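Given next are the chains, with one letter for each unit.
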Amino acid sequence: SQTIHQWPATLVQPVGSPLSLECTVEGTSNPNLYWYRQAAGRGLQLLFYSVGIGQISSEVPQNLSASRPQDRQFILSSKKLLLSDSGFYLCAWSVLRGRYEQYFGPGTRLTVT
Amino acid sequence: AQSVTQLDSQVPVFEEAPVELRCNYSSSVSVYLFWYVQYPNQGLQLLLKYLSGSTLVKGINGFEAEFNKSQTSFHLRKPSVHISDTAEYFCAVSQWNNDMRFGAGTRLTVKP
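Here's a quick rundown of the structure. (Residues numbered from 1 in each chain as written. Chains lettered and ligands numbered in written order. Predicted model: local features only at pLDDT ≥ 70, side-chain atom pairs only at ≥ 80, totals over all residues. Heavy atoms only, no water.)

A closer look at the overall build of chain B
We apply this condition: In DSSP terms, a helix is any run of H or I states spanning at least four residues, a strand is any run of E spanning at least two, and both are numbered starting from the N terminus. Only C-alpha atoms enter the radius of gyration, while the globule expectation follows 2.2 Å times N to the 0.38, with N the number of residues. Here the term buried applies to any residue with accessible area under 20% of the maximum for its type, exposed to any over 50%, and partly exposed to those in between, with areas from a 1.4 Å probe on protein chains only. We call two residues in contact whenever any of their non-hydrogen atoms come within 4.5 Å of each other. Exposure was quantified through the Shrake-Rupley algorithm and a 1.4 Å probe, taking into account, for residues, occlusion by the shown protein chains and nothing else. Asp and Glu are treated as the negative residues and Lys and Arg as the positive ones, with His and the ends of the chain left uncounted. Where a charge lies is defined by one atom per residue type, namely NZ (Lys), CZ (Arg), CG (Asp) and CD (Glu).
When helices and strands are counted, chain B shows 0 helices and 12 strands. Secondary structure elements in chain B, listed N-terminal to C-terminal, are β-β-β-β-β-β-β-β-β-β-β-β. Its C-alpha radius of gyration of 13 Å places chain B within 12% of the 13 Å reference for a compact globule of 112 residues. Overall, chain B is about 40 × 30 × 20 Å in size when its C-alpha atoms are taken along their principal axes. Burial status across chain B gives 46% buried among its 112 residues. Counting contacts in chain B only where the partners sit at least 6 residues apart, residues at least 24 apart contribute 55% of the total. Just so you have it, chain B exposes about 5,400 Å², and 49% of that area is on carbon and sulfur atoms. Looking at chain B, you have 9 positive and 9 negative side-chain charges, and the mean spots of the two groups are 5 Å apart.

And the structure:
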């Protein structure tokens, strides 16, 4: 069966520090991968999605970036964190865009101080 | 592009009472509809989905939803809730080769 991992589970970082969150998927090949952010008490905001290695699409311009160095690995990064980057970051995968459901990882709680 | 509106941000209900969480979508083409549940500090778990066919969809944990094309709705229902159903519920809509869009969520609180 397919599983999706995210780490770290929680992270506290000072403003201006770099960020690297990792997501890996097991049990499937060539998945579509997604990064979402969930601010406190709000819905999900799609940040990036990827349909293949090295193929990244950005939904919202910001100081975050994403990379997909391997088929089942998706990384969210920042060179300098802002207070507004605090939130719950969720990685998800799906078979294809649109028609199929997305499966979510356990999330990373990021607090920028 | 498609969009989703969850009409209630919070729904308090007593244990063993029925509940309905409302969801409306907007789209000019055929859509696929989903309900997810999120427990505190966890990822989202798929409850049920509508892709085509029967408009009444049954999911996990005793939940069901009905697709109503004329009213562009996909309301989630459960005839008798438990304390353990306390969570955030998200409605989502997608289209072929397009990204999923989520509603703002409905916090269901089940009281003893």
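Re the interface of chain B and chain A
Short version of the rule: By buried area we mean how much accessible surface two parts lose on assembly, using a 1.4 Å probe and totalling the loss over both. Between Lys or Arg on one side and Asp or Glu on the other, a salt bridge is scored when a side-chain nitrogen of the former is within 4 Å of a carboxyl oxygen of the latter. Polar contacts, as counted here, are pairs of nitrogen or oxygen atoms within 3.5 Å of one another; within protein the pair requires one atom able to donate a hydrogen and one able to accept it, and residues that are adjacent in sequence qualify only if both atoms are side-chain atoms.
Contact residues are listed per partner, giving 23 residues for chain B and 22 residues for chain A. Regarding the contact of chain B and chain A, the summed buried area is about 1,800 Å², with carbon and sulfur atoms giving 51% of it. If you sort the residues of chain B by the area they bury against chain A, Leu-44, Asp-99 and Phe-102 of chain B come out on top, with a joint share of 26%. The tally of links from chain B across to chain A stands at 2 salt bridges. Residue Arg-101 of chain B is joined to Glu-59 of chain A by a salt bridge in which the shortest nitrogen-to-oxygen separation is 3.2 Å. For the pair chain B and chain A, the interface holds 5 residue pairs in polar contact (both at pLDDT 80 or more). The set of elements that each furnish at least two residues to the side of chain B that touches chain A consists of β5 (32-38), β6 (44-50), β10 (87-94) and β11 (101-102) of chain B. No other element matches β5 of chain B, which puts 4 residues into the side of chain B that touches chain A.

Let's talk about the environment of Glu-22 of chain A
Residue and element names in this part refer to chain A. Summarising the element assignment, Glu-22 is placed in strand β3 (residues 19-26). Here the alpha-carbon distance between Glu-22 and Gln-6, two residues 16 residues apart in the chain, equals 5.7 Å. Apart from residues no more than four positions distant in its own chain, Glu-22 is found in contact with His-5, Gln-6, Trp-7, Trp-35, Gln-73, Phe-74 and Ile-75. In terms of polar contacts, Glu-22 uses its side chain to reach the side chain of Gln-73, at 2.6 Å.

Notes on the state of the cysteines
Residues and elements named next belong to chain A. Going by this rule: Note on terminology: disulfide denotes any pair of cysteine sulfur atoms within 2.5 Å.
Applying the stated rule across the entire model yields 2 disulfides over all chains. Paired through a disulfide, Cys-23 and Cys-91 show a sulfur-sulfur distance of 2.0 Å. Classification of the bridge connecting Cys-23 and Cys-91 rests on its S-S torsion, roughly -75 degrees, and on that basis the disulfide is left-handed. Of this pair, Cys-23 sits in strand β3 while Cys-91 sits in strand β9 (residues 87-94), and the two are 68 residues apart along the sequence.

Function-wise, these values are silent; they only describe arrangement.
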